[in-house]
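Now for the letters of each chain:
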Amino acid sequence: MTITGLKVLIMIKKTNSSKPSFKRIFIQAALGIYHVFPMILGVLGLSALLLTFITPEQVKTVFTGKAWSDALFGTISGSIMMGNAMISYILGGELLKLGVSLFAVTAFLLSWVSLGWVQIPLETSFFGKKFVIYRNILSLLFTLLISILIVFTYEAVR
Amino acid sequence: MKPSDNSKVTKLADFQGTKFLLFVVLLYLILFFVDKNKTIESLYRLVKNTWSVLPVFLLVIFLTAVINYYFGKEKIARMLQTASSFKMYLISLLAGIISHGPVFVWYPLLKELQSKGLKNKALVTFIYARSIKLTLLPIMIGFFGQLYTVVFVFFIALAAVLQGVVFSIIYKPDD
């Protein structure tokens, strides 16, 4: 075998061995959940308090059940928060139990994952102001529009 | 203790949201004196909700591991740099769905790809498609049901592609 052939073999071996094992990746994924567990527990704790102390009647004074206003309010609420999407699912599920409309909850879930005002400065530093303004305005409009479409479609096919 | 052990301990103790959890515990303590019965009721609800969510975490961990194992960052980056327009949207969409971690982690790589010719419309589609959290779908189904989750995912995918198309029409780079 030539020296070049040997080098190639060593390189292939190195490339293969550099890939972490499934077990290691599984542990990393488990650690990912483990690290955010206090946050998850805190959110579950807070939502349990909200569900017990706040009555559906009180919630309905803010969320009126009108598609556009609820979607707008849900979008604003979701976009100013950030963190693991799992937390938005927990909060959204609890908001539904409180009687908040599906329009608001859908917009809340969508904006939580698609909009993040907190990340705008960082995004701007990479892609420039104009790109970020265009992208975020488009995302905001699409989030509003599709949250309403999601609910109408869901209600229609249910 | 060896330095490596020290770093392991630091990594294990690197929790997110401990201050928030402490705040919630404090809230429970205060509310206990305000309304004892309702606070105890909240605690029961907390235990019940946590117990119901726990098994789903196992599935989430497994799915995350499978995706991370088969689709590394570099592999997704290679997938994104494709030529034809239809294929580009499709790959941006799929890459966005299977990509993991917070979006800002992807910015340096996306910037690099952009400088190597990755189109802005693909970038926009990729970023919006990240709203679909593949590994968290079991949790979403648990809270909102299968039908809602399917409709939700379908519309995000559609919106991601449409956003790329609209962006390419309205956005003109300064140069």
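Rules and cut-offs
Residues numbered from 1 in each chain as written. Chains lettered and ligands numbered in written order. Predicted model: local features only at pLDDT ≥ 70, side-chain atom pairs only at ≥ 80, totals over all residues. Domains from an automatic or database assignment. Contact = placed C-beta atoms within 7 Å. Nonpolar A, V, L, I, M, F, W, Y, C, P; charged D, E, K, R; others polar. Core = buried A, V, L, I, M, F, W, Y, C linked by C-beta atoms within 7 Å. Buried ≥ 20, exposed ≤ 12 C-beta atoms within 10 Å, placed from the backbone. Helix = DSSP H or I, 4+ residues; strand = E, 2+ residues; numbered from the N terminus. Axes fitted to C-alpha atoms, helices over the stretch in contact; angles between N-to-C directions. Left-handed = near helix turned anticlockwise from the far one by under 90°. pLDDT = per-residue confidence, 0-100.

1. Concerning the domain arrangement of chain A
All names here are of chain A. Partitioning chain A into structural domains gives domain 1 (1–53) and domain 2 (55–158). Domain 1 puts 8 residues into the contact, and the matching count from domain 2 is 9 residues. Broken down by class, the residue content of the side of domain 1 that touches domain 2 amounts to 7 nonpolar, 1 polar and no charged.

2. Quick word on the domain arrangement of chain B
All names here are of chain B. Segmenting chain B into domains produces domain 1 (3–66) and domain 2 (70–170). On the side of domain 2, 8 residues touch domain 1, which itself brings 6 residues to the contact. Within the side of domain 1 that touches domain 2, the residues separate by chemical class into 5 nonpolar, 1 polar and no charged.

3. Topic: the nonpolar core
Core analysis: the largest hydrophobic core is formed by 68 residues, its most contacted members being Val43(A), Tyr89(A) and Ala104(A). With 10 residues, helix α6 (residues 102–114) of chain A is the largest single contributor of residues to this core.

4. Looking at the interface of chain B and chain A
Listed as interface residues are 52 residues of chain B and, on the opposing side, 48 residues of chain A. Looking at the side of chain B that touches chain A, the elements that each hand over two or more residues are α2 (18–34), α3 (36–70), α6 (107–115), α7 (120–129), α8 (137–144) and α9 (146–170) of chain B. Top contributing element to the side of chain B that touches chain A by residue count: α3(B), with 14 residues. Partitioning the side of chain B that touches chain A into residue classes produces 34 nonpolar, 11 polar and 7 charged.

5. Some thoughts on the environment of Asn120(B)
Within the secondary structure, Asn120(B) is located in helix α7. Sequence spacing of Asn120(B) and Leu26(B) is 94 residues, and the spatial spacing of their C-alpha atoms is 47 Å. Beyond its immediate stretch of four places on either side in the chain, Asn120(B) contacts Phe131(A), Phe167(B), Ser168(B) and Tyr171(B).

6. With respect to the packing of helix α5 (residues 85–98) of chain B against α7(B)
Residues and elements named next belong to chain B. With their axes 7 Å apart at the nearest point, α5 and α7 run at an angle of 30° to one another. Like other packed secondary-structure pairs, α5 and α7 cross with a definite hand, here right-handed. Here Met-88, Tyr-89, Ser-92, Leu-93, Ala-95, Gly-96 and Ile-97 of α5 come into contact with α7, specifically with Ala-122, Thr-125, Phe-126, Ile-127, Tyr-128 and Ala-129. Here the residues of the contact of α5 with α7 are counted per class, giving 10 nonpolar, 3 polar and no charged.

7. Here we look at the confidence of the model for chain B
Residue and element names in this part refer to chain B. Across chain B, the average pLDDT comes to 82, with 86% of residues at or above 70. Across chain B, the element-wise mean pLDDT spans from 53 in helix α1 (residues 3–12) up to 95 in α9. Across the whole predicted complex the pTM is 0.73, and at the interface the ipTM reaches 0.74.

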